[in-house]
Structures are given as structure tokens and as C-alpha cells.
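# Residue-level structural notes
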Amino acid sequence: MAGAAKRDFYEILGVARDASPDDIRKAYRKLAMQHHPDRNPGNKEAEEKFREAAEAYEVLRDDEKRRRYDQFGREGLGGAAGGPHFSNAEDIYAAFQEIFGGMRGGRAGRGAPGGFGSIFEDIFAGGAAGGGYGQQRGASLQVELSIPFLESAKGGSRTIDLRRARACPECRGSGARPGSHPEKCSYCQGHGSVVSRQGFFTMQTACPRCGGRGEENRDPCAKCRGTGAVPESARIEVRIPAGIEDGTRMRLSGEGESGEGGGPNGDLYVVVHVQPHEFFVRHRDDVILEMPVSYSQAVLGSTIEVPTLDGKNRLKVPRGTPSGQILRMRGQGFPNISSGERGDLLVRVVVHVPEKPGRREEEIVRQLSEVEAKPNTPIGSGKGSGFFDRLREYFEHE
Ligand SMILES: [Zn+2]
Ligand SMILES: [Zn+2]
């Protein structure tokens, strides 16, 4: 356990005790970016630092919690863990996303189902009772979506079918039989909280029986057996933005499972996988395409037909194009997901050499070989290009 010596929240964030909210925010952001699990897959130390920073920030960002912490330390925050209460792992992620927006870009680690959440589940499991006094955020769900390469360029929409727990329509999520009246909680006498003593401190924590609501139901709803939630089959329309990258995790706010005790719904995350294409490879917003041309097309120049993201198009191969040359077709790449501006199509022209030339072809090539400049034949012959002149010189000095 890493909990042996718990560090001071200010020390964790590396800020002074009188740091402004803005300084605290900035310090947290920096640490969170640095130790983000997506950037440090499998790194236990980074995980621990990321969790620690989130914990510290959760307290110091809140005026009331910060005041209590300054006065009483961790004990002042109440609850079994003596720290902040995320009702589940997704909350940290959600809080982080809310404040700073998503972390886009890095492919590593993104998209493993539950990969992010599982890091925190162990740590926060069981310590989540206090929180929002009976209000619990619903669990988040994640689905994976695989789309064809060309669809990632053009965008589109998909329908996702899923099952999730939603507020029971019979009791509207209360868990009580309609028409019945909830009664005062017998454990806390309706206070919603219980007081306990620990050393010098008296601590107030949420009632373990009613979760802080102060009332309990002795007459549960028949439909949901008092849980307040029922499973539901949902069909959700997901819009896929043009230019989306492989591994992008989209968040559909509130489309997860219903919250408890009036808490907000969880979110639905959609991880998009882009299938590879037979000819195209994406590089940032550009598309790379390798295109064979014949020797004569490269020497004499020609107009060839190339596939693009938008269908067939014509490309002029200039006279004397060397094999391997990249020809740029402006604005024929992917739309940038935020600006909409399109990248380019980069066509790499490769001179095709026939393995088995036909009889007539061979005849002509033999004639050609009699008249062409031979840049890399043994020393002393003919005139060559700059490269072959240098190569000859290099051989001489070997
Ligand atoms: Zn119900
Ligand atoms: Zn109670």
C-alpha cells in the first residue's frame, strides 16, 4: 500500500499554501498531463502520481473542502478514506475531462475497454459512501466501433444498440412503491448523517443505511425491487465527425447508466477504430498512396489516373520524374477534425520494372541499352549524372 505516509496536498501539487485557485489548477493540469495513464501505459509510479494529484486537486479546488483541510488536515474531510470521494473511477476521468477537455492525439493505451477506469477501481472501491449525500453518479459505459477508412474521412453516423440501467419508470427512480411514503431512516433518525468520535475530532459522515437521504423505504417498488433502476435496451445515434482518427474516444454525456438517489447519469464512451485501407495510409491529415508508373511514363511524362478519398482523379507525372518522387495533390487529404481544413494526398511514384518483359519489349530495351548513358558501369565510361560521377569517384578512392 502506498498509503503509509500520506503526503500533503499542497506538496503533491507543488504549490504554496496560499496559492490562488488558478495556480492550483495550473499545477494540477501540468501534473495530470505528465502522469496521465494514457501516456504512461503500465507505469505504476505514474499511475500513483496521477491518482495522488487528482485527489489533491479534488480537495483544493473546492473552497469549502480546502478550508476544512487547512484547518484539520485529511481528517477534516470525513469519510473512511479521509480524502475526497469519487463515487467511481470514471469520476476522476470525467472531472478531468470537464476541466481540461479530452486528451487527444496519443494512440497508446487509448481504447482498451475500461483501461482507464480499472486503474482507480481498486483504490477507490469501498471508500465512496460519503460523497454527495446519497447521490451517486451512474456508471459510465463504453462501446467499440469499427468504421471503414473512407468513412473516417467523410464522417457519418451509426446506431448503437446497448443495454443499460435507467431510472425505473414505475417509481421514477426512487425505489419506493408508488403511493407509499418513505419513512424516517431508523439508523440516523432522519438526519442523513451520523457523528462519530475519533481522538479529538468528531466526524460527521453520511448515514450508511440511507446513504444520506434521511429516509428509507420499507415498501419497495415491485418493478425494480426497490433499486430504483431497470435494465433498458437503448438505440443511440452516434455522429462520426469527418476526419476522425483511429482510437478516438468520444464521450456522449449522460448516455450511461442512471444515477442513484437523483445523481446524474453516467456517460457513454464510444471508441472508434478505423480499418486499414488497401491503398491509402494516413499520416496526420495527409494521405500517402504508392503508385506504380512505367519507365516510359516516368521518362516522357504522362497523365495517370489515381484513386483519391473522393474517387478517381487525374495526376500529371512530369517528364523526367525519378522513381520514388512524391507528387503532392493539395487539399485531397483528410479534413482536420477541428479546423475542417484538408490535408494533401501524397502520391509516391514508383517506376515499375517488368519481371518478364515480352519479346518486343525486350528488343526495344536492348536497343535502348545501346544508346542510353550508363551511369554506373565500370570506371571510365560515358557521362553520368552528378550522383554517378560522385559514385565513380568514391569507387576510385576505395
Ligand atoms: Zn421502481
Ligand atoms: Zn439514515
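Residues numbered from 1 in each chain as written. Chains lettered and ligands numbered in written order. Predicted model: local features only at pLDDT ≥ 70, side-chain atom pairs only at ≥ 80, totals over all residues. Heavy atoms only, no water.

### Some details on the nonpolar core
Using the following cut-off: Side-chain atoms within 4.5 Å link the members of a nonpolar core, which is a set of buried Ala, Val, Leu, Ile, Met, Phe, Trp, Tyr and Cys residues. Accessible area is worked out with a 1.4 Å probe on protein chains only. A residue is then buried under 20% of its type maximum, exposed over 50%, and partly exposed in between. Marked domain ranges trace back to an automatic or database domain assignment. Between two residues, a contact is recorded if the distance between any of their heavy atoms is within 4.5 Å.
Judged by nonpolar contacts, the single largest core of 37 residues is most densely connected at Leu-162, Leu-268, Val-270 and Val-347. Two domains each donate at least three residues to this core, and these are domain 2 (132–182 + 217–274) and domain 3 (277–353). Aside from chain neighbours lying at most four places away, what touches Val-270 is Val-143, Leu-145, Ile-160, Val-238, Thr-248, Arg-249, Met-250 and Leu-252. Core analysis: the second largest hydrophobic core is formed by 20 residues, Tyr-10, Ile-24, Ala-27 and Ala-53 among them.

### With respect to the confidence of the model for the chain
Note the threshold: The predictor reports its confidence for every residue as pLDDT, a score running from 0 up to 100.
Scored by pLDDT, the chain comes out at a mean of 80, with 81% of its residues at no less than 70. With pLDDT under 50 throughout, residues 80–89 is counted as low confidence; its partners more than four residues away or in other chains account for 30 contacts. Contacts from residues 101–132, a stretch scored under 50 in pLDDT, to residues over four places away or in other chains number 53 contacts.

### Observations concerning the coordination of the zinc ion (ligand 1)
Let me state the cut-off plainly: Ligating atoms shown are N, O and S within 2.8 Å of the metal, or 3.2 Å for Na, K and Ca, and water is not included, meaning a site may look less than complete. In this description a helix means any DSSP run of H or I spanning at least four residues, a strand means any run of E spanning at least two, and both kinds are numbered starting from the N terminus.
Those donors, Cys-168 (SG), Cys-171 (SG), Cys-221 (SG) and Cys-224 (SG), are the protein atoms that reach the zinc ion (ligand 1), and they lie 2.2 to 2.4 Å from it. For the zinc ion (ligand 1), all donor residues lie on one chain, and their spacing in sequence is C-x2-C-x49-C-x2-C. Of this pair, Cys-168 sits in the loop between strand 2 (156–167) and strand 3 (183–184) while Cys-224 sits in the loop between strand 6 (215–216) and strand 7 (229–240), and the two are 56 residues apart along the sequence. Classification of Cys-168 by relative accessible area gives buried; the value is 1%. Residue Cys-224 is classed as buried on the basis of its relative accessible area of 5%.

### Some thoughts on a nonpolar patch on the surface
Applicable threshold: Patch building starts from residues that exceed 30% relative accessible area and form no salt bridge, then joins like charges within 9 Å and nonpolar side chains (Val, Leu, Ile, Met, Phe, Trp, Tyr) within 5 Å. The accessible surface values rely on the Shrake-Rupley method and a 1.4 Å probe; as for residues, cover is taken only from the protein chains in view. In the sections that follow, a salt bridge refers to a side-chain nitrogen of Lys or Arg positioned within 4 Å of a carboxyl oxygen of Asp or Glu.
Together, Phe-72, Phe-200 and Phe-201 make up an exposed nonpolar region whose accessible area comes to about 370 Å². Considering the arrangement of structural elements, one finds Phe-200 in the loop between strand 4 (193–198) and strand 5 (201–206). Its relative accessible area of 83% is what places Phe-200 among the exposed residues.

### A few points about unusual backbone geometry
Only a minority of non-glycine residues have a phi that is not negative, and only a minority of peptide bonds are not trans. In this structure, Arg-172 takes a positive phi of about 55 degrees despite not being glycine. Mapped onto the fold, Arg-172 is located in the loop between strand 2 and strand 3. The class of Arg-172 is exposed, set by a relative accessible area of 75%. Backbone geometry at Arg-284 places phi at a positive 50 degrees, although glycine is not the residue there. Inspection of the secondary structure assignment puts Arg-284 in the loop between strand 10 (280–283) and strand 11 (286–293).

### Looking at the pattern of salt bridges
Summed over all chains, the structure comprises 27 salt bridges. The partner of Glu-151 in a salt bridge is Arg-158, with the nearest N and O atoms 2.6 Å apart. A relative accessible area of 16% means that Glu-151 is categorised as buried.

### Considering the layout of surface pockets
Inclusion rule: Only protein atoms enter the 1 Å grid, on which a cavity is a set of points fitting a 1.4 Å probe that cannot get out and a pocket is an open set with protein on both sides within 12 Å along at least 5 of 7 lines, lining residues being those with an atom within 4 Å of a point. Grid points are joined across faces, edges and corners, and a volume is the space filled by probe spheres set on the points. Any residue that is not Ala, Val, Leu, Ile, Met, Phe, Trp, Tyr, Cys, Pro, Asp, Glu, Lys or Arg is counted as polar, Gly included; the first ten are nonpolar and the last four charged.
Taken as a whole, the second largest pocket encloses approximately 450 Å³ of empty space. Lining the second largest pocket are 14 residues, and of these Tyr-295, Pro-354, Glu-361, Val-365 and Leu-368 lie nearest its centre. Every element with two or more residues in the lining of the second largest pocket is listed here: helix 8 (295–300) and helix 9 (359–371). Here the lining of the second largest pocket gets five residues from one element, more than from any other, and that element is helix 9. Looking at side-chain class alone, the lining of the second largest pocket contains eight nonpolar, three polar and three charged residues. Counting contributing residues, the lining of the second largest pocket receives three or more from each of domain 3 (277–353) and domain 4 (363–398).

### Details of helix 2 (residues 21–35)
As a reminder, the rule being used: An expected span of 1.5 Å times one less than the residue number is assigned to each helix. This arc is built from the directions going out from the helix axis to the C-beta atoms.
Between its first and last C-alpha, helix 2 extends 21 Å over 15 residues, near the 21 Å set by a 1.5 Å rise per residue. Regarding helix 2, the residues found buried are Ile-24, Ala-27, Tyr-28, Leu-31, Ala-32 and His-35. Here the buried residues of helix 2 occupy an arc of 130 degrees about the axis, which is enough to place them on one side. Within helix 2, the exposed residues directed more than 90 degrees away from the buried face are Lys-26 and Lys-30.

### So, the pairing of strand 12 (residues 302–308)
What counts is decided by this rule: Each pair of strands is called paired provided DSSP finds at least two bridges between the two strands.
Side-chain alternation along strand 12 places Ser-302, Ile-304, Val-306 and Thr-308 on a buried face and Thr-303, Glu-305 and Pro-307 on a face that remains uncovered. Note: strand 12 against strand 13 (residues 311–317), seven bridges, orientation antiparallel. Across the sheet, Ile-304 pairs through a bridge with Leu-315, a residue of strand 13. Hairpin connection between strand 12 and strand 13: a loop of two residues separates the two successive antiparallel strands.

### Concerning the side chain of Asp-285
Where we set the bar: In the analysis that follows, any N or O atom pair within 3.5 Å is treated as a polar contact, provided that within protein one partner can donate a hydrogen and the other can accept it, and provided that, for residues neighboring in sequence, both atoms belong to side chains.
When you line up the elements, Asp-285 lands in the loop between strand 10 and strand 11. Residue class for Asp-285 comes out buried when judged on its relative accessible area of 19%. Reaching out from Asp-285, the side chain makes a polar contact with the side chain of Arg-282 at a distance of 3.1 Å. In terms of polar contacts, Asp-285 uses its side chain to reach the side chain of Asn-336, at 2.7 Å. Among all residues touching Asp-285, those that are not within four sequence positions of it are Gly-333, Phe-334, Pro-335, Asn-336, Gly-343 and Asp-344.

### Quick notes on the sheet that holds strand 9 (residues 268–274)
Spelled out, the test is: Every angle, taken between N-to-C directions, lies between 0 and 180 degrees, and every axis is a line fitted to C-alpha atoms, over only the stretch in contact when it is a helix.
On the basis of which strands lie adjacent, the open sheet formed by three strands has the order 1-9-8 and mixed pairing. The open sheet terminates on both sides in strands that have one partner only, identified here as strand 1 (141–147) and strand 8 (248–252). The sheet shows a mean angle of 25 degrees between the axes of neighbouring strands, taken without regard to direction. Taken together, the seven bridges between strand 1 and strand 9 define a ladder with parallel strand orientation. The residue bridging Gln-142 from the neighbouring strand is Tyr-269, located in strand 9.

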